[in-house]
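Observations on the three-dimensional arrangement
Here are the chains, one letter per residue:
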Amino acid sequence: RTAVLHSAPSLAQRVLRWLSDTYAGRVVLITAAGLAGRLALLAYQPIWRDEAFTALATSRSLGGMLDVVRADSAPPVAYVLERAVASLVPGTAGLRLFPALAGAAAIPLGAALGRRIAGDRGGLLTAVVCALSPALALSALDARMYAVATTVVMATTLALWRAVDRPTRARWVVYGGLMALALYTDYFAVLAVPAQLVAVALVLRAGWRRTAVAAAVAAAAGLTLVPWLVAASAQLGHAGQPFWVQPVDFESVSGSLVQFFAGPPIEPWVPWKPAMQVFQGVAMAAGILLLGVLVARRRRLGDPRSRAAAFCAVCGFGAALLLFPLSLWHPLVDGRYAGVVWGPAYALLGAGLALVASRRLVAAALVATLSATLALALLPDHPDTQAAIASLRTEVGPHDLVDAYASEYLLLLEEAPPPLLRRTLVLQDSVQWYWGTAVYPHGVITPALPARVTGYDGTVYAVTQPNERPPSIPDGYSQRARTCWLGACVVTYRRG
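Thresholds applied
Residues numbered from 1 in each chain as written. Predicted model: local features only at pLDDT ≥ 70, side-chain atom pairs only at ≥ 80, totals over all residues. Heavy atoms only, no water. Salt bridge = Lys/Arg side-chain N within 4 Å of Asp/Glu carboxyl O. Buried < 20%, exposed > 50% of the residue type's maximum accessible area, 1.4 Å probe, protein only. Helix = DSSP H or I, 4+ residues; strand = E, 2+ residues; numbered from the N terminus. Pairing = 2+ DSSP bridges. 1 Å grid on protein atoms, 1.4 Å probe; cavity = no way out; pocket = protein on both sides within 12 Å on 5 of 7 lines; lining within 4 Å. Points joined across faces, edges and corners; volume = space filled by probe spheres on them. Nonpolar A, V, L, I, M, F, W, Y, C, P; charged D, E, K, R; others polar. Patch = residues over 30% accessible without salt bridge, like charges linked within 9 Å, V, L, I, M, F, W, Y side chains within 5 Å. Areas by Shrake-Rupley, 256 points an atom, 1.4 Å probe, with all protein chains shown as cover. Disulfide = S-S within 2.5 Å. Axes fitted to C-alpha atoms, helices over the stretch in contact; angles between N-to-C directions. Parallel < 35°, antiparallel > 145°, perpendicular 65-115°, else oblique. Contact = heavy atoms within 4.5 Å.

Inspection of the entire model under this criterion finds 9 salt bridges. Taking the shortest distance from any N to any O, the salt bridge between D334 and R336 comes out at 3.5 Å. Taking the relative accessible area as the measure of exposure, D334 reaches 11% and is therefore buried. The closest approach of N and O atoms between R495 and D457, which form a salt bridge, is 3.2 Å. A residue pair is termed long-range when its members are at least 10 positions apart, and R495 in strand 6 (residues 488-495) and D457 in the loop between helix 25 (451-454) and strand 4 (460-464) qualify at 38 residues. One connected set of salt bridges, linked through shared partners, spans R49, D50, D334 and R336.

This is how it looks when you write it as structure tokens:
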């Protein structure tokens, strides 16, 4: 009896055996590893401009934050949740913690979608792809709403699939609730709705009743957004104004496609951009190869699983393609926006991997993906604003002025000390809303140098990005110096 008791495995041994021997346990391990990698890199890169907007908005009271968001261009949920998490953890790490957690949740969701296409092997490999993908990993290190929206849209896809498979009131409620959450996270989640309905009707062939129920539930979820749209009616005024996205052309389309496989674009001022693009190119080649394998060997899946692959393709790629007709009204083709809805398509890469017989080829594809992610995450490419601030603190006198271009002002507003901010203005006639003007202090935008500078022959320090055109020279001033760091330049102007 004593021998039997001693031979029984301990709790730790049972947990380890479950993690190593069961499908669910392996998905947990992959998810934990993906989350650990994201958490390890939270504060590695400095913040960039849009993250500065998030930091400035979430640092206000709840009411003040909602006022800012209503005047900008997004729904409120991601800001509310990010504010709650960031209040518990200070600094850059706290600012990015919620997107990292939400982004890691895409890993088990991807596994669930991939498993429906290629069984347990497809599920596990999709989980690995989602853990390593440059697009998913890098967006999870960005204090914005995109990683959160991607995960929620993936959840809506799975919830809808389950509801169509076995309709119950609870499953439809889950789908509707998740869709409402997606729409309150990012407006571009609406692109998922028509793609999902087409996939249900034409790919799964669910019949008109289930398709109609799905449409009704999605419509009900959309109606929940109406109170917010009324409160945020100022956002509607941005629709007819200029926007930063370039018109649709080969470059914009191909650039968005590259981002699905290889992560976000690299700024032109990054010195090691060519090397990073090599890693991205290898990751893209691996991803296209996996899609090719899936198409070439789809018969091995059988009819139900082939339909499952088509369902993920329509829900992911089909939703992203809807940006093109929208761009006839307003250019919107951008990887960040497409990334909100293309999450289900990562199951296709996992299924393609599952159909590769050679372990060496599987390992090579994953190494190519991981290499691109590490290159983009570890090589510094965010603006070194602190270096510029350190220089300005030692040089700016009581009658000098910092002229911050719109591309840099939010970073100064977030990171510069108050004495320096009191001497900082944006010398322009006007600034478009998409530069984050909703958090600008009153009176910071001005078309001319103030008398407190010109009356004392003060020096003007213009802060720009390295790739921006030289700032306009104030009357009577000439350029005396230009110093650049990574992503930030200070151009000095003096009288004479």
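This part takes up the pairing of strand 5 (residues 477-485). Pairing geometry for strand 5 and strand 6, over 8 bridges, is antiparallel. Note that in strand 6 the partner of S478 across the bridge is R494. What sits between the antiparallel neighbours strand 5 and strand 6 is a turn of 2 residues, in which G487 has the positive phi angle 80°.

This model, assessed by the stated rule, comprises 2 cavities of 30 Å³ or more. In this model, the largest cavity occupies a volume close to 110 Å³. If you list the elements that add at least two residues to the lining of the largest cavity, you get helix 15 (250-262), helix 16 (273-296), helix 20 (346-354) and helix 21 (359-378). Among the residues forming the lining of the largest cavity, the class breakdown is 11 nonpolar, 3 polar and no charged.

Okay, a nonpolar patch on the surface next. Among the surface-exposed residues, Y44, L370, L374 and L378 lie close enough to one another that they form a single nonpolar patch of about 330 Å² accessible area. As for its position among the elements, Y44 is in the loop between helix 3 (23-40) and helix 4 (49-58). The exposure class of Y44 is partly exposed, given its relative accessible area of 42%.

Attention now goes to the state of the cysteines. Enumeration according to the criterion identifies 1 disulfide in this entry. Each sulfur of the disulfide joining C484 and C489 lies 1.9 Å from the other. An S-S torsion of about 110° defines the bridge between C484 and C489 as right-handed. Taking relative accessible area as the criterion, C484 reaches 36% and is therefore assigned partly exposed. No disulfide involves C130; its sulfur sits 10 Å from that of C312, the nearest cysteine. Distance from the sulfur of C315, which forms no disulfide, to the nearest cysteine sulfur (C312) is 6.8 Å. Among the residues examined, C315 registers a relative accessible area of 1% and is labelled buried.

Another aspect to go through is the packing of helix 8 (residues 106-132) against helix 20. Describing two packed helices takes the angle between their axes plus the distance from one axis to the other. Following both chains from N to C, one finds helix 8 and helix 20 inclined at 100°, their axes separated by 7 Å at the closest point. Looking at the two axes, helix 8 sits roughly perpendicular to helix 20. Contact residues: G110, L113, G114, I117, A118, R121, G122, L125, T126, V129 and C130 in helix 8; Y346, A347, L348, L349, G350, A351, L353 and A354 in helix 20. Class assignment for the residues of the contact of helix 8 with helix 20 results in 13 nonpolar, 5 polar and 1 charged.

For the rest of this paragraph, the subject is the sheet that holds strand 4. Taken together, the 6 strands give an open sheet; going across it, the order is 3-2-1-4-6-5, and neighbouring strands pair in mixed fashion. Of all strands in the sheet, those with a lone pairing partner are strand 3 (445-446) and strand 5, marking the two edges. Contacting strand 1 (401-404), strand 2 (424-427), strand 4 and strand 6, helix 23 (residues 406-415) crosses the sheet at an angle of about 120° to strand 1.

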